[in-house]
Amino acid sequence: MPELPEVEVTRRSFAERIAGARVLALSMGKPLRWPLGCEPAALAGRQVISVARRGKYLLVHLDQGLLLVHLGMSGSLQFAPSLPPRGKHDHFELQTNQGVLRLHDPRRFGAVVHARSLDDASAIRLLGGLGVEPLEAGFDPLEFHRALRLRRAAIKQVLLMGDVVVGVGNIYASEALFMAGIHPALRADRLSKPRAARLHGAIVSVLQRAVSLGGSTLRDFSSAEGQSGYFQLDAMVYGREGLPCRVCGSSVKAMRQGQRSTFFCPSCQKK
């Protein structure tokens, strides 16, 4: 599933190229996770102002309204001056005078939703419960610790929920917990202030490095320019069950938490 770094890499790969474009047409394929919320023809003539990101959502701001785009579990965007005819897994296409933006999503868990503004009910429904952005100044270590003190679930699960800090998905939660030396099953409310501060720093560091490496391509992720990511080659624990820890040499372990695989080093990460 594309996580925050992959979504940010996608945004950066086409945001400047589509800014200022005039929408010529919008077409939809098979139904996605949620309906578009307007008639496609109503967006013809609109101008693309900018592309922002909130968590794992891309926000394509228009001169009137915006499109909220989620890549789901298998989605990827392409943006090019022209593209070949749509295939059976191409379910959204925005034709502009500067190029074509297309969503390829074999599993159709992605979505494109139109909202009149960020205050619109459809936007609030999708974005209203999201936590603080980890790569922005508002991600404060003391506030992070205070929020964790209110949560009794395992710290890995709290990170994945997205209401304390947004966008720290499965890969990067495992990596950040390893960097901070924290066992993924430790209850969030038992983290001391210094350990929470280490985790805060690790989250920022891991996500920044992932963005710089183009995200992670485990199966089919690519940017809007068709580029794969390479963070997975740099991972310390994720996907390395049974291999020696890159720090201490102990065998990396895996366990299931909330139906997701968690990777950790039992020697480096303590409760």
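Just so you know, these numbers come straight off a predicted model, no measurement behind them.

1. Some thoughts on the overall build of the chain
Across its full length, the chain holds six helices and ten strands. Looking at the 271 residues of the chain, the share that counts as buried comes to 51%. A sequence separation of at least 24 residues applies to 64% of the contacts in the chain between residues at least 6 apart. With an accessible surface of roughly 12,300 Å², the chain has 51% of that area assigned to carbon and sulfur atoms.

2. With respect to the sheet that holds strand β1 (residues 23-28)
Pairing between the strands of a sheet is mediated by backbone hydrogen bonds and can be parallel or antiparallel. Read across the open sheet, the four strands follow the order β1-β6-β7-β5; overall the sheet is antiparallel. One side of each edge strand has no neighbouring strand; the edge strands of this open sheet are β1 and β5 (76-80). Looking at each pair of strands side by side, their axes are set apart by 10 degrees on average, direction ignored. Examined bridge by bridge, strand β6 (residues 90-96) and strand β7 (residues 99-104) share six bridges and lie antiparallel to one another. Bridge pairing in β7 places Asp 90 opposite His 104.

3. Re the environment of Gly 110
Structurally, the position occupied by Gly 110 is in the loop between β7 and β8 (111-115). Judged by its relative accessible area of 0%, Gly 110 falls in the buried class. Along the chain, Gly 110 and Pro 81 lie 29 residues apart, while their C-alpha atoms are 23 Å from each other. With residues near it in sequence (within four places) discarded, Gly 110 still touches Leu 32, Arg 33, His 70, Leu 71, Gly 72 and Asp 105.

4. Quick look at the side chain of Thr 96
Along the chain, Thr 96 falls in strand β6. Judged by its relative accessible area of 7%, Thr 96 falls in the buried class. In terms of polar contacts, Thr 96 uses its side chain to reach the backbone amide nitrogen of Gln 98, at 3.0 Å. Within the structure, the side chain of Thr 96 is placed 2.7 Å from the backbone oxygen of Gly 99, a separation counted as a polar contact. Once residues within four sequence positions are removed from consideration, Thr 96 is found in contact with Ala 21, Arg 22, Val 23, Leu 24 and Phe 79.

5. A few points about the packing of aromatic side chains
Within this structure, the stated rule accounts for three aromatic pairs. Between Phe 14 and Phe 79 the ring centres are 6.2 Å apart and the planes differ by 40 degrees, which places this aromatic pair in the tilted class. Taken as a pair, Phe 14 in helix α1 (residues 4-18) and Phe 79 in strand β5 lie far apart in primary sequence, 65 residues in all. Side by side, Phe 14 and Phe 79 carry an identical accessibility label, which is buried.

6. Here's the deal with the nonpolar core
Phe 144, Leu 148, Ile 155, Leu 199 and Ile 203 are the most contacted members of the largest nonpolar core, which totals 27 residues. Listing elements by their share of this core, those giving two or more residues are α3 (141-148), α4 (155-161), α5 (170-180) and α6 (193-212). Examining the composition of this core, we find that eight residues originate from one element, α6, more than from any other. Formed by 25 residues, the second largest nonpolar core is a distinct cluster that contains Ala 15, Leu 32, Val 51 and Leu 67.

7. So, the side chain of Ser 122
Within the element layout of this structure, Ser 122 appears in helix α2 (residues 121-127). When its relative accessible area of 16% is taken as the criterion, Ser 122 is described as buried. Among all residues touching Ser 122, those that are not within four sequence positions of it are Val 113, His 114 and Ala 115.

8. A few points about the pairing of strand β4 (residues 66-70)
Summarising burial for β4: five of the five residues are buried, a large majority. With burial as the criterion, each face of β4 is covered, one bearing Leu 66, Leu 68 and His 70 and the other bearing Leu 67 and Val 69. When strand β3 (residues 57-62) meets β4, the two strands line up antiparallel, connected through five bridges. The residue of β4 that forms the bridge with Val 60 is Leu 67. From the end of β3 to the start of β4, which pair antiparallel, there are three residues, and Gly 65 there has a positive phi angle of about 85 degrees.

So, how was this worked out
Residues numbered from 1 in each chain as written. Predicted model: local features only at pLDDT ≥ 70, side-chain atom pairs only at ≥ 80, totals over all residues. Heavy atoms only, no water. Helix = DSSP H or I, 4+ residues; strand = E, 2+ residues; numbered from the N terminus. Buried < 20%, exposed > 50% of the residue type's maximum accessible area, 1.4 Å probe, protein only. Contact = heavy atoms within 4.5 Å. Areas by Shrake-Rupley, 256 points an atom, 1.4 Å probe, with all protein chains shown as cover. Pairing = 2+ DSSP bridges. Axes fitted to C-alpha atoms, helices over the stretch in contact; angles between N-to-C directions. Polar contact = N/O pair within 3.5 Å; in protein donor to acceptor, adjacent residues only side chain to side chain. Phe/Tyr/Trp six-rings, centres within 6.5 Å; stacked < 30°, edge-to-face > 60°. Core = buried A, V, L, I, M, F, W, Y, C linked by side-chain atoms within 4.5 Å.

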